[in-house]
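# Residue-level structural notes
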Amino acid sequence: MKRIEDYAKKGEHRDEMKALRLLTEAYIDMCGISLGFRTVVYCAAEAWVERLAWLDLPLSEMARKEPLVCLMPHITDLYKPEIYDRYDIAGMGDPELLAACRQIIVEKTFDEATTEVLCWGILKATEEKEELSQEVEATAADGTQLKGVLTEQSCPRTWVKMTSPFNGILIWKSELVRKPGELLLQGYEDCRCLQGREQEIRALYSEYQEALRQQRNLSMWEKDRVFDEIFATVVGDTTLAYPQKLFREWFGMEFFDTFTCKDPSWLR
């Protein structure tokens, strides 16, 4: 009997859109039939979406930003959202996914081509991921040299940690950004923009303080949402993660700390 690896070697050379069409059709076939097999197919297809996201095909931009379920109606007309969006997938660990994939091979659930792309996707989905620590550099429009470290680059998110000129600032975007230098540039511009809005931020800070003083018994999640709601007009579209840290460093402001669950000193 062929192993997962044997099928995957052939599947690796398949066209991305052909592979996704086969797997979407397999997913449809498993709706109402097998939750486990449906989950295996979905996880395998996600690996192909990641591969598609690095290309310049018609659905590549969508693949960089949207989950697989949003792509499926564009992959094949057979996928009807009003019917198949009702079906879910299960939480399966790597050993379970591999075991279910072997069962699919034994039972010959799908044709050869589908099994090949399924096996390639499952091997990619379950392989050990290397921790990223890639240096990134860019030059801002004002001539400033920017440096950072790329820590994650996958569907559907990319993270860069800026090290210069602002040290330790986390920049992120909920999509696969193929050129992380562009994200570094955007993070720098967001920093400059926020620094120039100090007066507006201080006015909102007074509003934030009043809100927390009046609602001392909020849960940690509710306290976190107070910041999001009050500062939405300032940080709603920013690429900067946890801007509270920046406001503390730049303007001496204290906020509820989500990571330590500590209230600001002025609230104690």
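Just above sits the structure.
Residues numbered from 1 in each chain as written. Predicted model: local features only at pLDDT ≥ 70, side-chain atom pairs only at ≥ 80, totals over all residues. Heavy atoms only, no water.

## Some thoughts on the pairing of strand S1 (residues 134-139)
Successive residues of a regular strand alternate their side chains across the two faces of the sheet. Pairing between S1 and strand S2 (residues 145-154): 6 bridges, direction antiparallel. Bridging from a neighbouring strand, Ala 138 pairs with Leu 146 of S2. Hairpin connection between S1 and S2: a loop of 5 residues separates the two successive antiparallel strands, and Gly 143 in this loop has a positive phi of roughly 90°. (Pairing = 2+ DSSP bridges. Helix = DSSP H or I, 4+ residues; strand = E, 2+ residues; numbered from the N terminus.)

## Let's talk about the environment of Cys 43
Structurally, Cys 43 can be placed in helix H3 (residues 35-53). Between the C-alpha atoms of Cys 43 and Ala 211, which are 168 residues apart in sequence, the distance is 43 Å.

## Comments concerning the side chain of Gln 153
Of note, Gln 153 is situated in strand S2. A polar contact of 2.8 Å, which involves the side chain of Gln 153, links it to the backbone oxygen of Val 177. Within polar-contact distance, the side chain of Gln 153 engages the backbone oxygen of Arg 178 at 3.4 Å. Not counting residues up to four positions away in its chain, the partners in contact with Gln 153 are Glu 50, Trp 54, Leu 132, Thr 158, Leu 176, Val 177, Arg 178 and Pro 180. (Polar contact = N/O pair within 3.5 Å; in protein donor to acceptor, adjacent residues only side chain to side chain. Contact = heavy atoms within 4.5 Å.)

## Focus: the nonpolar core
Counting 47 residues, the largest nonpolar core has Leu 20, Leu 23, Val 40, Leu 68, Leu 118 and Ile 122 as its most contacted members. Breaking this core down by element, the ones donating at least two residues are helix H1 (4-11), helix H2 (16-30), H3, helix H5 (68-75), helix H7 (94-107) and helix H8 (112-126). Among the elements that make up this core, the one with the highest residue count is H3 (12 residues). For Leu 68, the contacting residues outside a window of four places in its chain are Leu 20, Tyr 42, Ala 45, Glu 46, Val 49 and Ile 75. Grouped together as the second largest cluster of nonpolar side chains are 38 residues, Ala 140, Ile 201, Tyr 205 and Phe 255 included. (Core = buried A, V, L, I, M, F, W, Y, C linked by side-chain atoms within 4.5 Å. Buried < 20%, exposed > 50% of the residue type's maximum accessible area, 1.4 Å probe, protein only.)

## Remarks on the environment of Arg 64
Along the chain, Arg 64 falls in helix H4 (residues 60-65). The spacing of Arg 64 and Glu 50 is 14 residues in sequence and 7.4 Å in space, taken between C-alpha atoms. Apart from residues lying up to four places away in sequence, Arg 64 is in contact with Ala 53, Leu 55, Cys 155, Pro 156, Glu 175, Leu 176 and Arg 178.

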